[in-house]
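Residue-level structural notes
Here is how the chains run, residue by residue.
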Amino acid sequence: MAIVSIVIPLYNKGFIIHKTIKSVLEQTFTDFEIVIVNDGSTDSSFEIVSKFSDKRILLVQQENKGAAAARNLGIEKATSKLIAFLDADDFWYPNHLEELVKLYNDFPNCGMYCNRFQTKIAKNKTLNNSYSYSISDDFRGIVPDFFETSLINRVAFSSAILISKEVLLENNGFNINVSSGQDVELWTKIGITNLVAINNKSTVIYNFDLPNSLAKTAITKKTLMDFSQFAAAEKENKSLKKFLDIYRLEYALQFKIAGSSKQSQFYLKDITTKIPLKTKILLRLPVTFLRFFLKIKHYLKRFGIDFTVYH
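Residues numbered from 1 in each chain as written. Predicted model: local features only at pLDDT ≥ 70, side-chain atom pairs only at ≥ 80, totals over all residues. Heavy atoms only, no water.

**Points about a nonpolar patch on the surface**
A cluster of nonpolar residues, Phe-289, Phe-292, Phe-293 and Ile-296, forms a patch on the protein surface that exposes about 370 Å² of accessible area. Mapped onto the fold, Phe-292 is located in helix 12 (residues 287-301). (Patch = residues over 30% accessible without salt bridge, like charges linked within 9 Å, V, L, I, M, F, W, Y side chains within 5 Å. Areas by Shrake-Rupley, 256 points an atom, 1.4 Å probe, with all protein chains shown as cover. Salt bridge = Lys/Arg side-chain N within 4 Å of Asp/Glu carboxyl O. Helix = DSSP H or I, 4+ residues; strand = E, 2+ residues; numbered from the N terminus.)

This is the structure in structure tokens:
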């Protein structure tokens, strides 16, 4: 039995999946299996994966049910104690699994193990992601405050983590009723009740600049996580409240841009964390102005210029 199972949900990523799998097969740590769940792809994804002859690859088919169901099936099929996740359009550096397993061996009592990651925001622009002031850029170990550290960039990024199958099943896996943010929901559940370790090595490239991404889907067409499930925990954990308020604020602004003021107010009403002045101004602007500024932001990102309005 392999030490690590790698779960890859796959939907219409035929243009890049070969490179993604290749980044796994080039790992310095080789005691793994790869469980690829083809989630009803309508492009060449299945055919491309089928051409790999490596016996460590298990290709599973299901009708299109979404990323959460695909990941859950991957967890079910996985035979290893430890599970790493990789989105079909992200890449690993060769030392990724080696570093995660070292982190696991050094801090065996954690519920989640996280490598750092880079974000590719444009063709020739990749950003290194720093975290809040609670840890330094070279910190390696158990994160003192998981949610405080995740306020700027999330410590737990789906393509950069290692979790035991036991912990995943204890938390009922991914919520199949949520179409966007189901990963954040699960990592939040785990972070509330478990210690989390972070590496000081950046071993993943998150391809934010690619087309055909769920992140580009209009928010009005998404099913979002229910924040009320964390109400009791938020009262006890101020950092968790700050962390979730950032997502409430993000959803509120996105709904405002989409022209749904009612849904925007639904999320705004539960925010108790101080909202940045620039975001307050944006929330008061007419929708046409917001859409214009969003187009400018997307245009600037093509040249490697990125910024956030949530901090």
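**Overview of the environment of Asn-171**
Turning to its location among the elements, Asn-171 is positioned in the loop between helix 6 (165-170) and helix 7 (182-193). In this structure Asn-171 comes out as buried when scored by relative accessible area, which is 14%. In the structure, Asn-171 is positioned 117 residues away from Asp-54 in sequence and 32 Å away in space, judged by C-alpha atoms. (Buried < 20%, exposed > 50% of the residue type's maximum accessible area, 1.4 Å probe, protein only.)

**With respect to the state of the cysteines**
On inspection of all chains with the given rule, the structure shows zero disulfides. There is no disulfide at Cys-114, and the cysteine sulfur nearest it, in Cys-110, is 9.1 Å away. (Disulfide = S-S within 2.5 Å.)

**Comments concerning empty space enclosed by the protein**
Under the defined criterion, the tally for this structure stands at one cavity of 30 Å³ or more. Estimates place the volume of the largest cavity at around 60 Å³. As for the largest cavity, its lining consists of Phe-146, Phe-147, Ser-150, Arg-154, Val-155, Ala-156, Val-184, Trp-187, Thr-188 and Phe-243. Looking at the lining of the largest cavity, the elements that each hand over two or more residues are helix 5 (146-149) and helix 7. Counting residues per element, the lining of the largest cavity draws most heavily on helix 7, at three residues. (1 Å grid on protein atoms, 1.4 Å probe; cavity = no way out; pocket = protein on both sides within 12 Å on 5 of 7 lines; lining within 4 Å. Points joined across faces, edges and corners; volume = space filled by probe spheres on them.)

**Considering unusual backbone geometry**
We note that Asn-12 has phi near 50°; this positive angle belongs to a residue other than glycine. Along the chain, Asn-12 falls in the loop between strand 1 (4-10) and helix 1 (17-25). Residue classification places Asn-12 among the buried residues on the basis of a relative accessible area of 11%.

**Quick word on the side chain of Arg-71**
Take Arg-71: it is sitting in helix 3 (residues 67-77). The class for Arg-71 is buried, based on a relative accessible area of 5%. When residues no more than four places from it in sequence are discounted, the contact partners of Arg-71 are Val-7, Pro-9, Phe-85, Asp-87, Ser-158, Phe-174, Gln-182 and Asp-183. (Contact = heavy atoms within 4.5 Å.)

**Quick notes on the side chain of Ser-41**
By secondary structure assignment, the location of Ser-41 is in the loop between strand 2 (32-39) and helix 2 (45-50). With a relative accessible area of 17%, Ser-41 lands in the buried category. A polar contact of 2.9 Å, which involves the side chain of Ser-41, links it to the backbone nitrogen of Asn-12. Apart from the residues within four sequence positions on either side, Ser-41 is in contact with Leu-10, Tyr-11 and Asn-12. (Polar contact = N/O pair within 3.5 Å; in protein donor to acceptor, adjacent residues only side chain to side chain.)

**Considerations on the packing of aromatic side chains**
This model, assessed by the stated rule, comprises 17 aromatic pairs. For the pair Phe-174 and Trp-187, a centre-to-centre distance of 5.4 Å together with 80° between the ring planes defines the contact as edge-to-face. Here Phe-174, found in the loop between helix 6 and helix 7, pairs with Trp-187, found in helix 7; they are 13 residues apart in sequence, far enough to count as distant. There is no split in this pair, since Phe-174 and Trp-187 are both buried. A centroid spacing of 5.0 Å and a plane angle of 85° characterise the contact between Phe-266 and Tyr-267, whose relative ring orientation is edge-to-face. Accessibility expressed as a relative area gives 8% for Tyr-267, which makes it buried. Put simply, the rings of Phe-146, Phe-147, Phe-227, Phe-243, Tyr-247, Tyr-251, Phe-255, Phe-266 and Tyr-267 pair up and form one aromatic cluster. Of note, Lys-269 hangs over the ring of Phe-266, and the distance from its end group to the ring centre comes to 4.7 Å. (Phe/Tyr/Trp six-rings, centres within 6.5 Å; stacked < 30°, edge-to-face > 60°. Lys NZ or Arg CZ within 6 Å of the ring centre and 35° of its normal.)

**Details of helix 1**
Three or more residues of helix 1 are buried, namely Ile-17, Thr-20, Ile-21, Ser-23 and Val-24. Seen along its axis, helix 1 keeps its buried residues to an arc of 155°; they face one direction. At its buried positions, helix 1 is contacted by strand 1, strand 2, helix 2, strand 3 (57-62) and strand 5 (91-92). (Arc of directions from axis to C-beta.)

**Quick look at the pattern of salt bridges**
Tallied over the full model, the rule gives twelve salt bridges. In this structure, Lys-22 and Glu-26 form a salt bridge, with 2.7 Å as the shortest nitrogen-oxygen distance. With a relative accessible area of 42%, Lys-22 lands in the partly exposed category. Judged by relative accessible area, Glu-26 falls into the partly exposed class, the value being 42%. Notably, a salt bridge pairs Arg-248 with Asp-245, separated by 2.8 Å at the nearest N-O pair.

**So, the nonpolar core**
Counting 86 residues, the largest nonpolar core has Val-4, Ile-6, Phe-85, Met-112, Leu-168 and Trp-187 as its most contacted members. Looking at which element gives the most residues to this core, the answer is helix 9 (residues 238-257), with eleven residues. Excluding its chain neighbours within four sequence positions, the residues that come into contact with Phe-85 are Val-7, Arg-71, Ile-75, Trp-92, Ser-158, Ser-159, Ala-160, Ile-161, Leu-168, Phe-174 and Trp-187. Within the second largest apolar cluster, five residues are counted, among which are Val-35, Val-37, Ala-70 and Leu-73. (Core = buried A, V, L, I, M, F, W, Y, C linked by side-chain atoms within 4.5 Å.)

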